[in-house]
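What follows is the residue order along each chain.
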Amino acid sequence: MSIKHLLKGKLGFGTAPLGNMFRNIPEEEALATVDAAWDSGIRYFDTAPFYGAGLAELRLGAALKKQRREDYVLSTKVGRLILDEVEDPASRELGEKGGLFEFGRPNRIVDDYSADATLRSIEDSLKRLDTDHLDIVWVHDIAQDFHGDNWLAQFEIARTGAFRVLTRLREEGVIKAWGIGVNKVEPLELTLGLAEAQPDGFLLAGRYTLLDHERALQRLMPEAAKQNVDIVVGGPYSSGILAGGSHFEYQQASPEIIARVERIKAIAARHNVSVKAAALQFSLANPAVAAVIPGASRPERLAEDMAALNSVIPAAFWQEMRAEQLVAANAPLPG
């Protein structure tokens, strides 16, 4: 139950921005961003039907068509079906993430974690991605941020539907691995306690970053390492605030978060350290983490990510971060 052997490196590419998250991205810019990821050496690409109602999958498939399929690892997600009928993207009910893909395609999005919907979702994704197979499939967003108090009921549908289908597809060799992709710790902790579900890994977005990691350290990270369930960290820049943006948790950052980031920036400046480098390397320092997959919608960002991954950060930086209580006392640190 491990995916480290699949991932072709510790840096992957998250394609949520290619679904027109936050802005209407020109097609040529989106495709050039994927090309830049490839040129920088990235060979793991993660996407989802939810990202722009299929737009990210379509764009990723078009960009990767020129590459040999055996040269890269591809993951997408199940749990939402993209229909032919249309709706107003800006008025979708998305729990805490309202308006996230208001510039995406207008196709109606329906939540469905059942067995039949899982198979249909995979078939639809293969068509949009223009490929003949998927390497990893994540069960998407069975958590509080999208489903509120109903999340446990949705989780139960996934447990008896998507989980079992994906286990069978893995056993048959149709996919190489499966897991859960969420923005919350609790569904992953719940899954680790199940006897029947044996996922290979988890995609955890936003919950193991410089700005938010203490909850994950309590139980999830040590238990995942114990069970050999690898974690891919999504959103290592906390929706952009750690990379010079203004968003945290997909919304405008609060004054408290902005103040915390300013404290990190001040320490980074004293040690001549890139905050992006600190963010990436912090997430990777935990032994449970197999890879990080920051998202990008501009080609120049990919070279920055690779440089951040490979830059040298002095131990004194981390010592000051810990002394200022900007990283948890029990968090593994780079180096």
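Before reading on, note that the structure itself is shown above.
Residues numbered from 1 in each chain as written. Predicted model: local features only at pLDDT ≥ 70, side-chain atom pairs only at ≥ 80, totals over all residues. Heavy atoms only, no water.

Turning next to the environment of Thr191. Structurally, Thr191 can be placed in helix α7 (residues 186–192). Along the chain, Thr191 and Phe317 lie 126 residues apart, while their C-alpha atoms are 36 Å from each other. Setting aside anything within four residues of it in sequence, one finds Thr191 in contact with Phe155, Phe163, Ile180, Ala197, Pro199 and Phe202. (Helix = DSSP H or I, 4+ residues; strand = E, 2+ residues; numbered from the N terminus. Contact = heavy atoms within 4.5 Å.)

For helix α1 (residues 27–39), with 13 residues, the first-to-last C-alpha span of 18 Å sits near the 18 Å given by 1.5 Å per residue. Residues Glu29, Ala30, Thr33, Val34, Ala36, Ala37 and Trp38 constitute the buried set of α1. Residues of α1 that are buried in the fold lie against β1 (13–14), β2 (44–46), α2 (55–64) and α12 (300–310). (Expected span 1.5 Å × (residues − 1). Buried < 20%, exposed > 50% of the residue type's maximum accessible area, 1.4 Å probe, protein only.)

Another aspect to go through is the side chain of Asp145. Locating Asp145 in the fold gives a position in helix α4 (residues 144–147). According to the relative accessible area criterion, Asp145 is buried, its value standing at 1%. Polar contacts involving the side chain of Asp145 include one to the side chain of Asn183, which spans 3.0 Å. (Polar contact = N/O pair within 3.5 Å; in protein donor to acceptor, adjacent residues only side chain to side chain.)

The next subject is unusual backbone geometry. One non-glycine residue with positive phi stands out, namely Asp130, at about 55 degrees. Note that Asp130 resides in the loop between α3 (115–129) and β6 (136–140). Of note in the backbone geometry, Asp141 takes a positive phi value of approximately 60 degrees without being a glycine. Here Asp141 lies in the loop between β6 and α4. Note on Asp141: relative accessible area 2%, which makes it buried.

Inspection of the entire model under this criterion finds 13 aromatic pairs. With a centroid separation of 6.2 Å and 90 degrees between ring planes, the pair formed by Phe45 and Tyr72 is classed as edge-to-face. On the criterion of sequence distance, the pair formed by Phe45 in strand β2 and Tyr72 in the loop between α2 and β3 (73–78) is long-range, its members being 27 residues apart. Taken as a pair, Phe45 and Tyr72 share a single burial class, namely buried. Ring centres of Phe50 and Phe101 lie 5.3 Å apart, and the angle between their planes is 85 degrees; on these two criteria the pair is classed as edge-to-face. Taken as a pair, Phe50 in the loop between β2 and α2 and Phe101 in the loop between β4 (80–86) and β5 (107–111) lie far apart in primary sequence, 51 residues in all. Taken as a pair, Phe50 and Phe101 share a single burial class, namely buried. Clustering of aromatic rings is evident, with ring pairs tying together Phe13, Trp38, Phe45 and Tyr72. Arg43 extends its terminal NZ or CZ atom over the ring of Trp38, reaching a point 3.7 Å from the ring centre. (Phe/Tyr/Trp six-rings, centres within 6.5 Å; stacked < 30°, edge-to-face > 60°. Lys NZ or Arg CZ within 6 Å of the ring centre and 35° of its normal.)

Attention now goes to the nonpolar core. Grouped together as the largest cluster of nonpolar side chains are 103 residues, with contacts concentrated most on Phe45, Val139 and Leu242. Setting aside its immediate chain neighbours within four residues, Phe45 contacts Phe13, Val34, Ala37, Trp38, Leu60, Leu64, Tyr72, Val73, Leu74 and Ser75. Formed by 13 residues, the second largest nonpolar core is a distinct cluster that contains Ile3, Ile136, Ala177 and Val232. (Core = buried A, V, L, I, M, F, W, Y, C linked by side-chain atoms within 4.5 Å.)

Before going further, it helps to examine the sheet that holds β1. Think of a sheet as strands paired side by side through backbone hydrogen bonds, with each pair either parallel or antiparallel. Ordered in space as β1-β2-β3-β6-β7-β8-β9-β12, the 8 strands form an open sheet in which the pairing is parallel. Strands at the two margins of the open sheet, each flanked by one partner only, are β1 and β12 (289–293). For strand β7 (residues 177–182) and strand β8 (residues 201–205), the ladder comprises 4 bridges, and the chain directions are parallel. Bridge pairing in β8 places Val182 opposite Leu204. Most of the contacts of helix α9 (residues 220–227) go to strand β9 (residues 230–234), to which it runs at about 135 degrees, and overall it touches β8, β9 and β12. (Pairing = 2+ DSSP bridges. Axes fitted to C-alpha atoms, helices over the stretch in contact; angles between N-to-C directions.)

In the contact formed by helix α10 (residues 255–270) and helix α13 (residues 315–323), the axes pass within 10 Å of each other and the chain directions differ by 150 degrees. The angle between the axes of α10 and α13 places the two elements in the roughly antiparallel class. For the element pair α10 and α13, the recorded crossing hand is right-handed. Contacts between α10 and α13 involve Ile264, Ile267, Ala268 and Arg270 on the former and, on the latter, Phe317, Glu320 and Met321. (Parallel < 35°, antiparallel > 145°, perpendicular 65-115°, else oblique. Left-handed = near helix turned anticlockwise from the far one by under 90°.)

Moving on, we get to helix α5 (residues 151–160). Looking only at α5, the buried set comprises Trp151, Gln154, Phe155, Ala158 and Arg159. Around the axis of α5, the buried residues are gathered within 145 degrees of arc, so they sit on the same side. At its buried positions, α5 is contacted by β6, α4, α6 (162–171) and α7. (Arc of directions from axis to C-beta.)

Right, let's talk about the pattern of salt bridges for a bit. For the coordinates displayed, the defined rule picks out 32 salt bridges. When the shortest N-O distance is used, the salt bridge between Arg128 and Glu57 registers 2.5 Å. Of this pair, Arg128 sits in helix α3 while Glu57 sits in helix α2, and the two are 71 residues apart along the sequence. Taking the relative accessible area as the measure of exposure, Arg128 reaches 13% and is therefore buried. One salt bridge in this structure joins Glu262 and Lys265, with 3.5 Å as the shortest N-O distance. Within this pair, Glu262 and its partner Lys265 are both found in helix α10, separated by 3 residues, close to a single helical turn. Looking at Glu262, the relative accessible area reads 43%, which means it is partly exposed. The exposure class assigned to Lys265 is partly exposed, which follows from its relative accessible area of 35%. Among the charged side chains, a network of salt bridges with common partners joins Glu156, Arg159, Arg164 and Glu196. (Salt bridge = Lys/Arg side-chain N within 4 Å of Asp/Glu carboxyl O.)

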